[in-house]
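What the coordinates show
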Amino acid sequence: SILLRGFTFGIDFEGGTKVSFPRGDASVTQVEETFREAMGRDADSVVIVGNGASATVQIRAETLNNEQTAKLRDALFNQFQPKGVDGVPSKQAISDSAVSETWGGQITKKALIALAVFLVLVGIYITVRYERYMAIAALTCLGFDLLTTAGVYSLVGFEVSPATVIGLLTILGFSLYDTVIVFDKVEENTHGFQHTTRRTFAEQANLAVNQTFMRSINTSLISVLPVLALIVVAVWLLGVGTLKDLAVVQLVGIIVGTYSSIFFATPLLVSLRERTDLVRTHNRRVVNRRKPSTSKSAVSAPVTGGAADLDEAEKAVPAEAAVGGTPTVGAKPAPGARPVRPTRTGKPAGKRTTRGR
């Protein structure tokens, strides 16, 4: 979507003129016709923000000079008679703002610089605090969050404004916080992993994700609640577009950040670490330890075949057990051998004799 559709940038990035006034009984079609008659061309966009008495009409167009702006204000006032604060129709109820394309370009440049500085500082901190593989996984996870959130904005067609950039930086911080929480538990579980053979590195990391899973979910739910409240206030009560832009990007970012910290960051870390000789050697030791020994498997194997299987089973049995001697620990006597009762000294008991009185 980013490659094919691109983004819908706000007036602060592309430049232009924005005119707004109380809606009253005006409709989008009527406002578009009024603008076309006054300016001789179509407006870039006409939207109604908010509901009820607080609803406003926002017109966005290419940059207008002072004469064009005054002409448009007169046409809108004559057509819709917008009312001011005191309830009396007034031209003062119509507001306008203009942004040059140069200023919009400066805002875009500063936003990209802020994002780059943020990523660099994050990379330095995680490298010093943890390790370089965790830094690579965390930065890749942040890139995933950034692209996914931006892709949602492109796909749905939300307008990108400075509030969107602020919200994007905020959710990157939230995603980083959640990722660091998981990485902290991974570091705790994998500390000195090369000296143990109980679990592989991937199993230790998976255990860390399971241990922090509910904490990540609960943190995300608590964070989503005020964002939803902000959307309700911005859309249904106040009709403030800036709050809506800020809340929408935070809502999308929190959901994406929670997913990536659990299902993306740690698996990527494991994939990177399993390429190292230390982890490969450790995983090999764990796998070898879990394999049953050859002698035990041969002795305990049931004899289900013919003479060949019987010969193999007899080879696995110690010779002294086959002739009726003392079997070794864990060995089974040969078929048909006389059972031997061990004595306290550990030597086989001799033949018992009976003496008459």
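To be clear, the structure that these remarks concern was listed above.
Here goes a summary of the coordinates provided. On a predicted model such as this, the values are computed, not experimentally measured, just so you know.

Relative to strand β4 (residues 56–61), strand β2 (residues 16–22) is paired through 6 bridges, and the arrangement is antiparallel. For lysine 18, the partnering residue across the bridge sits in β4 and is arginine 60. Looking at chain direction, strand β3 (residues 45–49) and β4 are connected through 5 bridges and run antiparallel. When the bridges of β4 are listed, serine 45 appears paired with arginine 60.

Ordered in space as β3-β4-β2-β5, the 4 strands form an open sheet in which the pairing is antiparallel. In the strand order of this sheet, the two ends are held by β3 and β5 (95–99), each with one partner. Put simply, the sheet's adjacent strands are angled 20° from each other on average, direction ignored.

This part is about the layout of surface pockets. Estimated volume of the second largest pocket: approximately 430 Å³. Forming the boundary of the second largest pocket are 19 residues, of which Leu112, Leu146, Val160, Val165 and Leu168 lie nearest the centre. For the lining of the second largest pocket, the secondary structure elements donating two or more residues are α4 (101–129), α5 (132–156) and α6 (162–190). Ranked by residues supplied to the lining of the second largest pocket, first place goes to α5 with 5 residues. Of the residues in the lining of the second largest pocket, the class split is 16 nonpolar, 3 polar and no charged.

With that settled, the discussion passes to the packing of α5 against α6. Relative orientation of the contacting elements α5 and α6 amounts to 145°, with a least axis distance of 10 Å. As α5 packs across α6, the resulting crossing turns out to be right-handed. Between α5, through Met134, Ala137, Ala138, Cys141, Leu142, Asp145, Leu146, Thr149 and Tyr153, and α6, the contact on the second element is made entirely by Thr164, Leu168, Ile171, Leu172, Ser175, Leu176, Thr179, Phe183, Val186 and Glu187. Taken together, the residues of the contact of α5 with α6 break down into 13 nonpolar, 4 polar and 2 charged.

Counting across every chain of the model gives 9 salt bridges. The partner of aspartate 184 in a salt bridge is arginine 129, with the nearest N and O atoms 3.3 Å apart. Taken together, the positions of aspartate 184 in helix α6 and arginine 129 in helix α4 put the pair 55 residues apart, joining distant regions of the chain. Residue arginine 129 is classed as partly exposed on the basis of its relative accessible area, which comes to 36%. Taken together, the salt bridges that share partners define one network made up of Arg129, Asp184 and Glu187.

Tracing the backbone shows isoleucine 255 in helix α8 (residues 241–263). It is 9.5 Å that separates the C-alpha atoms of isoleucine 255 and aspartate 145, two residues lying 110 residues apart in sequence.

Before going further, it helps to examine the pairing of β2. In terms of burial, β2 is a largely internal element, 5 of the 7 residues being buried. Note that β2 and β5 share 5 bridges and pair antiparallel. Following the sheet pairing, threonine 17 is matched in β5 by alanine 98.

What follows covers a nonpolar patch on the surface. On the surface, Phe213, Met214, Tyr259 and Phe263 cluster together into a nonpolar patch covering about 420 Å² of accessible area. Only α7 (201–238) and α8 provide two or more residues apiece to the nonpolar patch. Within the fold, phenylalanine 213 resides in helix α7.

What counts, and where the lines are drawn
- Residues numbered from 1 in each chain as written.
- Predicted model: local features only at pLDDT ≥ 70, side-chain atom pairs only at ≥ 80, totals over all residues.
- Heavy atoms only, no water.
- Pairing = 2+ DSSP bridges.
- Helix = DSSP H or I, 4+ residues; strand = E, 2+ residues; numbered from the N terminus.
- Axes fitted to C-alpha atoms, helices over the stretch in contact; angles between N-to-C directions.
- 1 Å grid on protein atoms, 1.4 Å probe; cavity = no way out; pocket = protein on both sides within 12 Å on 5 of 7 lines; lining within 4 Å.
- Points joined across faces, edges and corners; volume = space filled by probe spheres on them.
- Nonpolar A, V, L, I, M, F, W, Y, C, P; charged D, E, K, R; others polar.
- Left-handed = near helix turned anticlockwise from the far one by under 90°.
- Contact = heavy atoms within 4.5 Å.
- Salt bridge = Lys/Arg side-chain N within 4 Å of Asp/Glu carboxyl O.
- Buried < 20%, exposed > 50% of the residue type's maximum accessible area, 1.4 Å probe, protein only.
- Patch = residues over 30% accessible without salt bridge, like charges linked within 9 Å, V, L, I, M, F, W, Y side chains within 5 Å.
- Areas by Shrake-Rupley, 256 points an atom, 1.4 Å probe, with all protein chains shown as cover.

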